Amino acid sequence: MPILPVTPPQPIVTSGGFDYVTVDSARRRVYAAHGGASQLLIVDANDGKVLGLVTVGEMHGVAVDPATGHVYTGEGGDTAGANAVSEVDPGAMQEVRRVAVGGHVDAIAYDPGLHRIYADEDDGTRIFVIDAKTFKQIGTIALPGHKPEYIQVNPN
């Protein structure tokens with residue numbers, strides 16, 4: 001039996017591709033990091049309609065705070081201020097905070113218990129730790145290997 005979409009796919013006019021995608025099941029939203037256009041794509045999970053694009057930076061990773069619905073993005077690039085983690089308010093369709101980190105960010109994860117954002121260094125050996133309440137970098141975790149592709153928080 002073939003898998004068929006409930007509604008026809010919605011065209012999105014963009015340049016370049018997408019990297020990480022995450023779902024906010026409570027609010028029925030899908031968030032996709034669109035690195036080429038430096039935009040966060042926001043889609044209604046019920047009908048597939050594009051709700052908006054928020055310009056942030058050359059992003060890769062994306063994570064959601066389940067309590068607030070705010071979205072955290074990880075950016076990395078060669079322009080000034082490009083290596084950062086940002087907080088986006090999807091209701092207001094705007095970036096609300098940004099903190100610089102010491103390298104290109106790829107994957108990103110959020111720990112709702114500790115209110116911490118973990119952002120891995122693209123092709124690197126570090127994970128940057130951000131306090132989501134103060135939006136300041138509070139640490140760096142050295143990895144024994146390099147080039148992590150994805151990170152996940154263990155809730156325990």
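Provided above is the structure to which this section pertains.
A brief look at the structure comes next. (Residues numbered from 1 in each chain as written. Predicted model: local features only at pLDDT ≥ 70, side-chain atom pairs only at ≥ 80, totals over all residues. Heavy atoms only, no water.)

Concerning the sheet that holds strand E6 (residues 71-75)
- Read from one edge to the other, the open sheet built from four strands follows the order E5-E6-E7-E8, with strand pairing classed as antiparallel. Each of the sheet's edge strands pairs with one partner strand only, and the pair in question is strand E5 (59-64) and strand E8 (94-100). Averaged over all pairs of adjacent strands, the angle between their axes in this sheet comes to 25 degrees, without regard to strand direction.
- As paired strands, E5 and E6 are joined by five bridges and run antiparallel to one another. When the bridges of E6 are listed, Val64 appears paired with Val71. (Pairing = 2+ DSSP bridges. Helix = DSSP H or I, 4+ residues; strand = E, 2+ residues; numbered from the N terminus. Axes fitted to C-alpha atoms, helices over the stretch in contact; angles between N-to-C directions.)

A word on the nonpolar core
- With 18 residues, the main nonpolar core has Tyr31, Leu40, Val54, Val62, Val71, Val88 and Ile151 as its most contacted residues.
- At the level of secondary structure, the elements contributing two or more residues to this core comprise strand E2 (29-34), strand E3 (39-44), E5, strand E9 (105-111) and strand E11 (126-131).
- For this core, the element with the most residues is E5, which contributes three residues.
- For Tyr31, the contacting residues outside a window of four places in its chain are Tyr20, Val21, Thr22, Asp24, Leu40, Leu41, Ile42, Val62, Val64, Gly69, Val71 and Pro90.
- Listed in part, the 14 residues of the second largest apolar core include Val99, Tyr110, Ala119 and Ala132. (Core = buried A, V, L, I, M, F, W, Y, C linked by side-chain atoms within 4.5 Å. Buried < 20%, exposed > 50% of the residue type's maximum accessible area, 1.4 Å probe, protein only. Contact = heavy atoms within 4.5 Å.)

Some remarks on the side chain of Thr73
- Take Thr73: it is sitting in strand E6.
- Here the side chain of Thr73 touches Glu75 through a polar contact of 2.4 Å, side chain to side chain. (Polar contact = N/O pair within 3.5 Å; in protein donor to acceptor, adjacent residues only side chain to side chain.)

Looking at the pairing of strand E4 (residues 50-55)
- Across five bridges, E3 lies against E4 in antiparallel orientation. Its bridge partner lying in E4, Leu41 is registered against Leu53.
- Counting the residues that bridge the hairpin from E3 to E4 gives five residues, and of these Gly48 lies at a positive phi of roughly 80 degrees.

What to know about the sheet that holds E9
- Across the sheet, four strands lie side by side as E9-E10-E11-E12; this open sheet has antiparallel pairing. The sheet terminates laterally at E9 and strand E12 (136-142), the two strands that pair on one side only. The average angle at which neighbouring strand axes cross in this sheet is 25 degrees, direction not considered.
- As judged from the five bridges shared by E9 and strand E10 (residues 116-121), these two strands associate in the antiparallel manner. The partner of Tyr110 across the bridge, within E10, is Ile117.

Some words on the pattern of salt bridges
- Tallied over the full model, the rule gives six salt bridges.
- Residue Asp24 pairs with Arg27 through a salt bridge whose shortest N-O separation is 3.1 Å.
- When its relative accessible area of 4% is taken as the criterion, Asp24 is described as buried.
- Assessed through its relative accessible area of 31%, Arg27 is described here as partly exposed.
- If you follow the salt bridges from partner to partner, you end up with Glu75, Glu95 and Arg98 in one network. (Salt bridge = Lys/Arg side-chain N within 4 Å of Asp/Glu carboxyl O.)

Observations concerning unusual backbone geometry
- Even without glycine at this site, Arg28 takes up a positive phi of about 60 degrees.
- The phi dihedral of His115 falls on the positive side, at around 55 degrees, and the residue is not glycine.
- Inspection of the secondary structure assignment puts His115 in the loop between E9 and E10.
- Since its relative accessible area comes to 29%, His115 is described here as partly exposed.

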